[in-house]
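The chain contents come next:
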Amino acid sequence: MPHRRVYLKWMHWLMVPLFVWFIVVQPIDVQRIGPAAVQFHSVMGLLFVSLALFWTVDYMRKGLASRPGPKLPAKARPLHQLLHKVLIWGVFCVALTGFGLGLTSAVLLWAGGIVPIAPPLNMPQANDFIGMVHEVQFYTLAVIAGLHVLFHLWRHYRLRDNALRIMAPKALHRFL
């Protein structure tokens, strides 16, 4: 399915700057700047969640799109599959706890100013707990994403299996 690989490649590369954005920029940072910054952050969140949900649905319907490759040692093959599945389910779980934050909030939160996240139930203790879980999930996922990057760099440069060329846009192939 070549078209599936194309849209997954685009989703993959759209997720990277979004992931970096949420690692670097915290809600408190954008609140200090003003409403336009909060709105922008919210739009980034809506895009991130939309991609996460789309990716999860694609995985549930069609399985993993990536294959380990013939040069990957037998011991590393389960790691390849595990890293990808953890990333897919991890972004889904981050989106799910984000929904939990909206659900337990005291006010109606809007994703991107477009979509209401959930009806607010005004549960401050639950909101604090879910917020902590959401944060731990996200930063744990960031570490796993870093391991994912290192794994594919190892594959590309040590095994020389062109792992980076498979996911990079063709315009960048000459640099890899």
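So, here's what we can say about the structure. (Residues numbered from 1 in each chain as written. Predicted model: local features only at pLDDT ≥ 70, side-chain atom pairs only at ≥ 80, totals over all residues. Heavy atoms only, no water.)

**Observations regarding the packing of aromatic side chains**
Scanning the model with the defined rule gives eight aromatic pairs in all. Measuring from centroid to centroid gives 6.0 Å for phenylalanine 19 and phenylalanine 48, while their planes differ by 40 degrees, and the two rings are tilted. Of this pair, phenylalanine 19 sits in helix H1 (residues 2–24) while phenylalanine 48 sits in helix H3 (residues 35–62); the two residues are 29 residues apart in sequence, bridging distant segments of the chain. Comparing phenylalanine 19 with phenylalanine 48 shows no difference in burial state: the two are buried. Consider the rings of tryptophan 21 and phenylalanine 40, whose centres lie 5.3 Å apart with planes at 80 degrees: the pair is edge-to-face. Highlighted residues: tryptophan 21 in helix H1 and phenylalanine 40 in helix H3, separated in sequence by 19 residues. In this structure tryptophan 21 comes out as partly exposed when scored by relative accessible area, which is 25%. On the basis of relative accessibility, which here comes to 41%, the residue phenylalanine 40 falls in the partly exposed class. Through a chain of ring-to-ring contacts, three or more aromatic side chains come together here, namely Phe19, Phe22, Phe48, Phe138 and Tyr139. (Phe/Tyr/Trp six-rings, centres within 6.5 Å; stacked < 30°, edge-to-face > 60°. Helix = DSSP H or I, 4+ residues; strand = E, 2+ residues; numbered from the N terminus. Buried < 20%, exposed > 50% of the residue type's maximum accessible area, 1.4 Å probe, protein only.)

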